[in-house]
Amino acid sequence: MEDNVWYKDGLRFKCTECGQCCSGQPGYVWVTEEEIAALAAALHMPIDAFKRKYLRQKNNRYALIEKRTQSSTDCIFLKDKKCTVYMARPKQCRTFPWWQENLNSKEGWNLAAQGCEGISEDAPLVPYTQIIQMLRS
Ligand code: SF4
Ligand code: SF4
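Residues numbered from 1 in each chain as written. Chains lettered and ligands numbered in written order. Predicted model: local features only at pLDDT ≥ 70, side-chain atom pairs only at ≥ 80, totals over all residues. Heavy atoms only, no water.

### What to know about the site of ligand 1
Lining the immediate surroundings of ligand 1 are F13, C15, T16, E17, C18, G19, Q20, C21, F96, G115, C116 and G118. Residues that form the shell around ligand 1 fall into these classes: 6 nonpolar, 5 polar and 1 charged. (Near = heavy atom within 4 Å. Nonpolar A, V, L, I, M, F, W, Y, C, P; charged D, E, K, R; others polar.)

What follows is the structure in structure tokens.
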């Protein structure tokens, strides 16, 4: 990892738990077999039953299903703007907004900020070393 990246001085972010990144446009929250097992355990369900109830398959991968509301498309586990499986949420959720696509450029980061109120000049500074840890996790 280069030390001269545009965010070497850190970036400002603190999750407000607004739930916005769990709803909006349709998309995919991908889950690995390990994450599926953790989610099934959190819900006290057999893995096969969990897969049938909560997952869809695309290109040999599993993703969480979504539910349509009047105004948006929500993750199936979003309820009252909160994640109901928070402790077992997949890596894709745990690492947002520290995704490579958001960090490739300042423009990418600003784009992510449009859908995430936690990315804000008022938020605490997250140091570069911590960002790198999240990227590599
Ligand atoms: S949109 Fe941003 S601030 Fe809101 S829950 Fe997601 S990560 Fe947190
Ligand atoms: S699993 Fe939880 S954190 Fe991830 S998208 Fe669904 S509601 Fe949001």
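### A short note on the site of ligand 2
If you check the shell around ligand 2, you find C22, V29, L64, C75, F77, L78, C83, V85, P90 and C93 and nothing else. Class assignment for the residues of the shell around ligand 2 results in 10 nonpolar, no polar and no charged.

### Focus on the layout of surface pockets
Of the volumes computed, that of the second largest pocket is approximately 220 Å³. If you trace the second largest pocket, you find 15 residues lining it, with K91, Q92, T95, W99 and S137 closest to the centre. When residues of the lining of the second largest pocket are traced back to their parent elements, those giving at least two are strand 3 (30-31), helix 3 (91-94) and helix 6 (128-136). A class-by-class count of the residues in the lining of the second largest pocket yields 7 nonpolar, 5 polar and 3 charged. (1 Å grid on protein atoms, 1.4 Å probe; cavity = no way out; pocket = protein on both sides within 12 Å on 5 of 7 lines; lining within 4 Å. Points joined across faces, edges and corners; volume = space filled by probe spheres on them. Helix = DSSP H or I, 4+ residues; strand = E, 2+ residues; numbered from the N terminus.)

### Considering the nonpolar core
Grouped together as the largest cluster of nonpolar side chains are 16 residues, with contacts concentrated most on Y7, L11, W98, L103 and I131. For this core, the secondary-structure elements that each account for two or more residues are helix 5 (106-114) and helix 6. At 4 residues, helix 6 tops the list of elements feeding residues into this core. With residues up to four places along the chain from it excluded, the contact list for L11 reads W6, W98, L103, W109, P124, L125, V126 and I131. L39, Y54, L55 and Y62 belong to the second-largest nonpolar core, a separate cluster that totals 14 residues. (Core = buried A, V, L, I, M, F, W, Y, C linked by side-chain atoms within 4.5 Å. Buried < 20%, exposed > 50% of the residue type's maximum accessible area, 1.4 Å probe, protein only. Contact = heavy atoms within 4.5 Å.)

### Remarks on the packing of aromatic side chains
All told, the structure shown has 9 aromatic pairs when counted by the stated rule. Taking the centre distance of 5.6 Å and the plane angle of 85° together, the rings of F13 and W98 count as edge-to-face. Pair noted here: F13 is in the loop between strand 1 (11-12) and strand 2 (23-24) and W98 is in the loop between helix 3 and helix 4 (100-103), with a separation of 85 residues, a long-range link. On the basis of relative accessibility, which here comes to 13%, the residue F13 falls in the buried class. Chaining the aromatic ring pairs together yields one cluster made of W6, Y7 and Y128. For the cation-ring pair, R61 lies above W30, with the distance from its terminal atom to the ring centre recorded as 4.0 Å. Above the ring of Y86, the side-chain terminus of R89 is found at 3.8 Å from the ring centroid. (Phe/Tyr/Trp six-rings, centres within 6.5 Å; stacked < 30°, edge-to-face > 60°. Lys NZ or Arg CZ within 6 Å of the ring centre and 35° of its normal.)

### Examining the sheet that holds strand 5 (residues 61-64)
Sheet architecture is open: 3 strands sit in the order 3-5-4, paired in antiparallel fashion. Edge strands, defined here as strands with exactly one partner in the open sheet, are strand 3 and strand 4 (55-58). As defined by bridge partners, strand 4 adjoins strand 5 across 4 bridges and the pair is classed as antiparallel. When the sheet's bridge partners are listed, Q57 is paired in strand 5 with Y62. (Pairing = 2+ DSSP bridges.)

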